[in-house]
Amino acid sequence: MRVAARTSSGAGSPSSGGSSSGGSSSDARSDARSDALAGRAASPATGGRRPASAVPLAPSPGLLAGALLPRRRPADLPDRVVEARGVVADPAHLDAWVRVCAGRTGAPVPGSLPGAFTHVLASGASMRLLLDPRSPLPPLGLVHVAQRLEVLRPVDVREPLDLAVGARDLRPHRRGRQLDVVATATAAGEVVWRGTSTYLHREPVPGGAAPSSAGAPTLPAGERPAPAAGAVRWVVPAGTGRAYAAVSGDPNPIHLSRPTARLLGFRRPVAHGMWTLAHALLDLEGRLPTAHDVTARFLRPLALPGRAVHGWRAQEDGDGVLSLAVRRERDGEPHLLADVAPL
């Protein structure tokens, strides 16, 4: 990967696969299988490094540790854009990401960059923005509650991209405060991808009690996934959080192990929301329009190890919108709801 990175200030910002193999393996075997999926074949281009090293601007351990320190926070978002120029995806990184997110070895690697993988390429810049001491929201405890992925045209794996990431729209929420992190990918001056990540920081609100850190956004009354036209059953191993952390560069402790998850109020580790979304979109490989707009909400955490059912259907209005839901297997409660619309 070739990267030239810089941080700039300007006005505003730039413009949470198939079914996993079944069975009743122990947590230890599940851990080993997931960790193996995160491995990377050595090549002259990569020297056999871990996939996380291919994420541009991935924060250093020192920067991550510094985020744990309590500090006084400003009231407003900083006027800052983080950029990475000339980013070229590493095919070995993409292959490792597909194997982890598809949940199996032998998954076909797409010929163009999946929108959820471009999100990974921009995630290092996004984390640097969120870890900035000038950010009004402490990074520890941020909850990824929604994601939009706009794939404006197919992007070749070898195509150089200029990435720009900024934060906008800090706003109150009934459980604290939210903001959007907006990332764009440009190729030869053309915007080819855009991602908008919405994060919630849980905190006391006027007239209310401090919310639980282990809660999740509530599904509006009466809103339940409709019967699916297609469905895949998922068996998600215990080590999925560590495997995805390795290929995405996202080391949030709630995803890694029981002890680290318990530090933040979770009884068990939970899957990354972006792993859940990427897995669902890879289930639909070949059914997605070449240019599409994904809008997703992360509802209830998917505890690890876990079982889920991914169902999808075409909306009845005939506009080509595909609705999908990832639900907990035992009771149908949704982890993820999303729509995929053609552009």
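The structure we're discussing is the one just above.
Note that this is a predicted model, so its numbers are computed, not measured.

## Here's the deal with the overall build of the protein chain
Right, so step 1: A count of helices and strands for the protein chain gives seven helices and 11 strands.
Right, so step 2: Across the 343 residues that make up the protein chain, the buried fraction comes to 51%.
Right, so step 3: With an accessible surface of roughly 15,000 Å², the protein chain has 54% of that area assigned to carbon and sulfur atoms.

## Notes on the pairing of strand β2 (residues 81-87)
Right, so step 1: Of all seven residues in β2, five are buried, a share of seventy percent or more.
Right, so step 2: Pairing analysis gives five bridges linking β2 to strand β4 (residues 161-173), with the strands arranged antiparallel. Following the sheet pairing, Val82 is matched in β4 by Val165.

## Some thoughts on the pattern of salt bridges
Right, so step 1: Under the defined criterion, the tally for this structure stands at 18 salt bridges.
Right, so step 2: Across the pair Asp156 and Arg158 runs a salt bridge whose closest N-O atoms are separated by 3.0 Å.
Right, so step 3: Residue Arg328 is joined to Asp331 by a salt bridge in which the shortest nitrogen-to-oxygen separation is 2.7 Å.
Right, so step 4: By relative accessible area, which is 24% here, Arg328 ends up partly exposed.

## Quick notes on the environment of Ala75
Right, so step 1: Counting through the fold element by element, Ala75 comes out in the loop between α2 (61-66) and β2.
Right, so step 2: Residue classification places Ala75 among the exposed residues on the basis of a relative accessible area of 59%.
Right, so step 3: As for Ala75 and Leu137, which are separated by 62 residues in sequence, their C-alpha atoms are 8.8 Å apart.
Right, so step 4: Among all residues touching Ala75, those that are not within four sequence positions of it are Pro136 and Leu170.

## Remarks on helix α7 (residues 273-283)
Right, so step 1: Counting buried residues along α7, 11 of its 11 residues qualify, which places the element largely inside the surrounding structure.
Right, so step 2: Buried residues of α7: Gly273, Met274, Trp275, Thr276, Leu277, Ala278, His279, Ala280, Leu281, Leu282 and Asp283, and no others.

## Here's the deal with the environment of Pro154
Right, so step 1: For Pro154, the position within the fold is in the loop between β3 (142-151) and β4.
Right, so step 2: Judged by relative accessible area, Pro154 falls into the partly exposed class, the value being 40%.
Right, so step 3: It is 9.0 Å that separates the C-alpha atoms of Pro154 and Gly111, two residues lying 43 residues apart in sequence.
Right, so step 4: Ignoring sequence-local partners within four residues, the contact set of Pro154 consists of Ser112, Glu159 and Thr290.

## What to know about the packing of helix α3 (residues 91-102) against helix α5 (residues 240-248)
Right, so step 1: Between α3 and α5, the least distance of the axes is 9 Å, while the angle of their chain directions is 160 degrees. The orientation of α3 relative to α5 falls into the category roughly antiparallel. Once α3 is placed against α5, the crossing between them reads as left-handed. Residues His93, Ala96, Trp97, Val100 and Cys101 of α3 pack against Ala243, Tyr244 and Val247 of α5.
Right, so step 2: When the residues that make up the contact of α3 with α5 are grouped by side-chain class, the tally is seven nonpolar, one polar and no charged.

Rules used throughout
- Residues numbered from 1 in each chain as written.
- Predicted model: local features only at pLDDT ≥ 70, side-chain atom pairs only at ≥ 80, totals over all residues.
- Heavy atoms only, no water.
- Helix = DSSP H or I, 4+ residues; strand = E, 2+ residues; numbered from the N terminus.
- Buried < 20%, exposed > 50% of the residue type's maximum accessible area, 1.4 Å probe, protein only.
- Areas by Shrake-Rupley, 256 points an atom, 1.4 Å probe, with all protein chains shown as cover.
- Pairing = 2+ DSSP bridges.
- Salt bridge = Lys/Arg side-chain N within 4 Å of Asp/Glu carboxyl O.
- Contact = heavy atoms within 4.5 Å.
- Axes fitted to C-alpha atoms, helices over the stretch in contact; angles between N-to-C directions.
- Parallel < 35°, antiparallel > 145°, perpendicular 65-115°, else oblique.
- Left-handed = near helix turned anticlockwise from the far one by under 90°.
- Nonpolar A, V, L, I, M, F, W, Y, C, P; charged D, E, K, R; others polar.

Don't take any of this as a statement about function, it's just geometry.
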